[in-house]
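Residue-level structure breakdown
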Amino acid sequence: MQERAAILGSGHYVPPRVVTNDDLAQMFDTSDEWIVQRTGIRERRFIDESGTGASDLALPAAKMAIEQAGLEVGDIDAIIFATLSPDIYFPGSGCLLGHKLGLGGVPALDVRNQCSGFLYSLSVADAWIRGGMYRNVLVVGAEVHSTGIELADRGRDVAVLFGDGAGAVVVGAAKREGQGIKTVELHADGVGAQDLWVEAPASMFIPRLDEGMLAEGRHYPRMNGRQVFRWATEKMPEVAHAVLGKCDLKVDDVDLFIPHQANMRINQMVAKRLGITDDRVVHNIERYGNTTAATIPIGISESWREGKLEPGSKVLFAAFGAGFTWAGAVVEF
Ligand code: ACO
């Protein structure tokens, strides 16, 4: 019999330094009122020490997830690390995290699908477990955005959105009837690549980075906010309906909806289009901003610890991000 894969444990970690909207307003021309009204974000976390990478934030999150799963670190036989802000250009953060966990020889795969990265990673872990290739896969989403955003007037539309943080889950064989990852659906369309991207340094340029690019800020994320908003509010409900349909479930059957936390306004519109009541929608963007690949595993970990997730809970996930990429999933806990 083919095994069904399930989420067995979760964890999260955010750096202690809280940066409020008022703090940002000290750095560039913005206001708490503008940020809250457009995004719902009130504060986010930034690393406060040079040398703290995504793998460092992932380490405590991973240990927490392994402990909740009732496992030892040595039980992990594969790592999948979703991030758009790896510690360094190469090697991947998965290798760095594996080393920090003492998992020499354990395979580590970095996934670069931005805000959809966690659900893309979950689909890989699901296939590995069901195919019998690995027993316990550590799936991490972690980002350090604060060192890469332009904290100045020119970059303010993007700079107010992002924060640092990490979330992790352990995926292994389901232990109960019904429990498990029911379905994951993935999409991408490069037509939107330039609507949300960091262009440089880039291997297609000779040199990869020069003074001109730095002066123009091409090494900072650039976003066509309205285009992202339009696509996200269309694709997230679409993929959510698709995954529910594959599982013969209706919106009313869903105990909890954990959407990617891009923007409170996006999620409110997605929830409205889905017709799901607010008490079943998880949001933590007020406190953390957009932590990209980390938003969903942080949402899982917090919900589990707050008692919103229990054995038998049916959870719907949806994400949209740079690429464009988008994804949905249904999981029974
Ligand atoms: N503070 C104050 N004013 C600002 C700021 C800021 N941080 N940023 C932009 N403005 C100004 C603009 O300069 C502009 O001024 P102008 O009218 O004088 O030209 C005005 O505010 C309106 O700017 P717009 O870009 O038109 O603002 P918009 O209403 O589109 O809202 C926002 C911007 C919030 C980014 C919106 O487009 C949005 O929600 N987009 C979705 C993008 C998103 O959430 N991305 C998250 C990352 S991607 C992901 O995870 C899916």
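Note that residues are indexed from 1 along each chain, following the sequence as it is written. Local features in this predicted model are restricted to residues of pLDDT 70 or higher, and side-chain atom pairs are both shown and tallied only at a pLDDT of 80 or more, whereas totals for entire chains, interfaces and linings draw on every residue. For the side-chain quantities, the full set of heavy atoms in the structure was used; hydrogens and water were omitted.

Comments concerning the domain arrangement of the protein chain
What counts is decided by this rule: Each domain's limits were defined by an automated method or a database of domain assignments. Any two residues whose heavy atoms approach within 4.5 Å at even a single point are treated as in contact. Take the accessible area each of two parts loses on contact, using a 1.4 Å probe, and add the two losses: that sum is the buried area. Whenever Lys or Arg places a side-chain nitrogen within 4 Å of a carboxyl oxygen from Asp or Glu, that contact is recorded as a salt bridge. N or O atoms within 3.5 Å of each other form a polar contact, as long as, within protein, one can give a hydrogen and the other can take it, and as long as residues adjacent in sequence are counted only when both atoms are side-chain atoms. The numbering of helices and of strands both runs from the N terminus, where a helix is a DSSP run of H or I of at least 4 residues and a strand a run of E of at least 2. In this classification, Asp, Glu, Lys and Arg are treated as charged, Ala, Val, Leu, Ile, Met, Phe, Trp, Tyr, Cys and Pro as nonpolar, and every other residue, Gly included, as polar.
One can read the domain layout of the protein chain as domain 1 (5-173) and domain 2 (180-332). Computed over C-alpha atoms, the centres of domain 1 and domain 2 are 14 Å apart. Every contact between the two is made by 55 residues of domain 1 and, on the other side, 50 residues of domain 2. Around 4000 Å² of area is buried between domain 1 and domain 2 when both sides are counted, 63% of it from carbon and sulfur atoms. Among the residues domain 1 hides against domain 2, the three largest losses belong to C115, L119 and Y120. Together they make up 16% of the total. Remark: the boundary between domain 1 and domain 2 carries zero salt bridges. Taken together, the connections running from domain 1 to domain 2 amount to 21 residue pairs in polar contact (both at pLDDT 80 or more). Only β1 (5-13), α2 (32-39), β3 (43-45), α3 (54-68), α5 (117-130), β6 (136-143), α6 (156-159) and β7 (165-173) provide two or more residues apiece to the side of domain 1 that touches domain 2. Here the side of domain 1 that touches domain 2 is composed, by residue class, of 25 nonpolar, 19 polar and 11 charged.

Looking at the nonpolar core
As a rule of thumb, soluble globular proteins bury nonpolar side chains together. Rules: Side-chain atoms within 4.5 Å are what join buried Ala, Val, Leu, Ile, Met, Phe, Trp, Tyr and Cys residues into a set we call a nonpolar core. Summary of the burial criterion: residues with accessible area below 20% of their type's maximum are buried, those above 50% are exposed, and those between are partly exposed, where the area comes from a 1.4 Å probe applied to protein chains only.
Among the nonpolar cores identified, the biggest contains 34 residues, and L119, V137, V171, I300 and F317 are the most heavily contacted of them. Mapped onto the domain boundaries, this core takes at least three residues apiece from domain 1 (5-173) and domain 2 (180-332).

Comments concerning the pairing of strand β5 (residues 108-111)
Rules: Any two strands with at least two DSSP bridges between them are considered paired. We call a crossover right-handed when, viewed with both strands directed away from the observer, the connection leading from the first strand over the helix to the second proceeds clockwise.
Sheet analysis places strand β4 (residues 78-82) next to β5, joined by four bridges and oriented parallel. Following the sheet pairing, I80 is matched in β5 by L109. For the segment spanning β4, helix α4 (residues 93-101) and β5, crossover handedness is right-handed.

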